[in-house]
Amino acid sequence: MQEEMIFSGFGGQGALFAGMVLAYAGMDSGKNVTWIPSYGPEMRGGTAHTTVIISDEEIGSPIVQRPSAALVLNNPSMEKYEPLVKEGGVLVYNSSLISITPRRTDIRYVPVPASDVANELGNVKMANMVALGALVTATGVLSLEAVIQALRDHLPESKHEMLEPNVQALRRGAELAEPVVA
Amino acid sequence: MREFTDGSTAIVRGALAAGCTFFAGYPITPASPILMTMMRELPKVGGVAIQAEDEISAVGMCIGATMAGARTMTATSGPGISLYSENIGLAVMGEVPLVVVDVQRLGPATGGATTVGQGDVQFVRWGTAGGYPVIVLAPSSIPECYSLTMRAFDLAERFRCPVFLLTDKELNYTMNTVELDEYQDVPVRERGAGSEGPGMPKTQDSMGLFAPYRYHPPDGVPPMVHFGQDVVLRFTGSTHDERAFITKHPPTVDALNRHLAAKIEEHRDEIELVTADLEPGARTLLLSYGVTARAMREAVQKARGGGQKVSALTIHSLWPTPETAIETALDGVERVVVAELNLGQYRREIERIAHGCEVLGINRVDGELISPDQFLEVIR
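Calculation rules
Residues numbered from 1 in each chain as written. Chains lettered and ligands numbered in written order. Predicted model: local features only at pLDDT ≥ 70, side-chain atom pairs only at ≥ 80, totals over all residues. Helix = DSSP H or I, 4+ residues; strand = E, 2+ residues; numbered from the N terminus. Rg over C-alpha atoms; globule rule 2.2 N^0.38 Å. Buried ≥ 20, exposed ≤ 12 C-beta atoms within 10 Å, placed from the backbone. Contact = placed C-beta atoms within 7 Å. Expected span 1.5 Å × (residues − 1). Domains from an automatic or database assignment. Nonpolar A, V, L, I, M, F, W, Y, C, P; charged D, E, K, R; others polar. Pairing = 2+ DSSP bridges. Axes fitted to C-alpha atoms, helices over the stretch in contact; angles between N-to-C directions.

Thoughts on the overall build of chain B
Helix and strand counts for chain B come out as 13 helices and 14 strands. Against the globule reference of 21 Å for 380 residues, chain B gives a C-alpha radius of gyration of 21 Å, in line with a compact fold. C-alpha extents for chain B along the principal axes are approximately 70 × 45 × 40 Å. Within chain B, the proportion of its 380 residues that are buried is 53%. For chain B, restricting intrachain contacts to residue pairs at least 6 apart in sequence, the fraction spanning at least 24 positions comes to 75%.

Below is the structure:
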């Protein structure tokens, strides 16, 4: 098994953190993982993305030309990664903010109103966790419980007041996607 | 046991394992995590880590700290090396053990501050006035970031010179799962070890004056004495005699300058470090270093899986050029392909060595990494 994923959004939307949580969950599940951050020189407002690979095998090159799944949180990320997703792959997108109409017929789209759901749960910053929950269900890359455990184990102590709301966000997101058909 | 970590963390750990006691730096992407981590970790073991007012002071502080007895490291990116340049020369002339990490980023000036490049390969080698050699090591994985940092400290002590650890944004920022037993410790020699053994120089001149820069033979290394010890130590950036008194006496100056080159170049065999994966009958040799070598190794596996024969050479000691290892790897191949994130800087070195062998390059300067597929396209 090798899943190659891209997480992308505006700086501050938490795309890199979402990828990091999934990477930790992968490691704690006994997989090999890589996580490459990529962002511009802007202090805020630019787009940022991370490439995450989760594999049973040793990972050689950490770069990905055609991701098997992508999680996009804003329009520029949708523009950039929609064409790159591998045929048969999954594209999870934040339908609260993304106005672009899906253009491909050979990938599976998972629209998730991530920002709206996060708002309902009390903090729009949790849109990343809503979308991650949906990605986990839609791809089956790891179990939702493994991802929740990774969040519990690796979220810094200073952020723990946000732990349970984020767990809730992951669960809500997971419910919003159709599971992958094996 | 496994962990999820990055190259910057491994470099800091390597420095601590090597006994680093002093670090000074100035923030610059993508080297800042080393500064931040050093400032957090070094005080815990009794060391000192300082954010200097600028790059010039950062490297200057390191030179001063070494001469006062510390084991020192600094870290910056290419634009910071521009500012280090003058003091790198001082460290060469003053024969100062010092580890300099250059986490490369793309392009000249501010360039692609947050994107990867390997454009400092020639710059670090020739980065100071006068053109005297330094040692440059290039890790290609997180465990190598650890072991080559230790090795950089060892070689700095052995040869009394600045040693560069040349990495890049992707190597330092990409997080990977690493098995803890992949980290290999490297023995680090004590200060002054380079001048031990037969022919060790006497530290007194004929008048009984202390001679801190007496070396013998020409490729020998002077013993190391620190400020604060019970001898009078002098230190200068000017051409000097064995007592560090300024001189223009041609034979003395000639000997000094030849010594600065010889102590490194005549000991290439001690510095040379490569990973050779050579396959009998292969017509193509792939050659790379740093993060680019990771894609190369993946391509080699894929090619061999498809029944193709191919050899690969990862260079870990870029300068002095590991000529013996390169010549061995070139033996029997028809072509060598040098892959690097610049317009062919190290390829020049290979062209110099590869007589009668076709030399090609895979080069990218767009801020993206060379992919395994780019290697596969050139294997035949």
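Concerning helix α4 (residues 127–139) of chain A
With 13 residues, α4(A) ought to run about 18 Å at 1.5 Å a step, and its terminal C-alpha atoms sit 18 Å apart, in line with that. Extensive coverage of α4(A) is indicated by the burial of 13 of its 13 residues.

Let's talk about unusual backbone geometry
Residues and elements named next belong to chain B. Here H216 and P217 are connected by a cis peptide whose omega angle stands at -5°. Inspection of the secondary structure puts P217 in the loop between β8 (175–179) and α8 (250–265). In this structure, the amide linkage connecting W319 to the following residue, P320, adopts the cis form with an omega of -10°. Along the chain, P320 turns up in the loop between β12 (317–319) and α11 (323–330). Phi at A244 is positive, roughly 70°, even though this residue is not glycine.

Section: the domain arrangement of chain B
Residues and elements named next belong to chain B. As far as domains go, chain B holds domain 1 (2–182) and domain 2 (272–378). In this structure, domain 1 and domain 2 have C-alpha centres spaced 25 Å apart. Those elements that place two or more of their residues in the side of domain 1 that touches domain 2 are α5 (121–125), β6 (135–137), β7 (162–168) and α7 (169–173). For the side of domain 1 that touches domain 2, the residue count by class is 13 nonpolar, nine polar and three charged.

Here we look at the sheet that holds strand β2 (residues 22–25) of chain B
All names here are of chain B. Pairing is mixed in the open sheet, where seven strands are placed in the order β3-β2-β4-β5-β7-β6-β12. Looking at which strands have only one partner, the edges of the open sheet turn out to be β3 (48–51) and β12. The mean inter-strand angle of the sheet, taken between neighbouring strand axes irrespective of direction, is 20°. One ladder, built from two bridges, connects β6 with β12; its direction is antiparallel.

Some details on the interface of chain A and chain B
Many structure descriptions define interface size as the accessible area lost when the parts assemble. Taken together, the contact between chain A and chain B spans 17 residues of the former and 18 residues of the latter. Secondary-structure elements contributing two or more residues to the side of chain A that touches chain B are α1 (15–28) and β2 (32–39) of chain A. Sort the elements by how many residues they give to the side of chain A that touches chain B and β2(A) lands first, with seven residues. By residue class, the composition of the side of chain A that touches chain B is 11 nonpolar, six polar and no charged. Bridge analysis of β2(A) against β8(B) gives two bridges, and the strand direction is antiparallel. The residue of β8(B) that forms the bridge with T34(A) is N176(B).

Notes on the sheet that holds β8(B)
Taken together, the eight strands give an open sheet; going across it, the order is β6(A)-β5(A)-β4(A)-β1(A)-β3(A)-β2(A)-β8(B)-β1(B), and neighbouring strands pair in mixed fashion. Of all the strands in the sheet, just β6 (108–112) of chain A together with β1 (2–5) of chain B have a single pairing partner and so form its edges. Here the strands of the sheet are splayed against their neighbours by 15° on average, with no regard to which way each runs. Relative to β6(A), strand β5 (residues 90–94) of chain A runs parallel, the two being bridged by five bridges. Bridged to L91(A) within β6(A) is Y109(A). In the packing of α4(A) onto the sheet, contacts are made with β1 (2–10), β4 (69–72), β5 and β6 of chain A, and the angle to β5(A) comes to roughly 160°.

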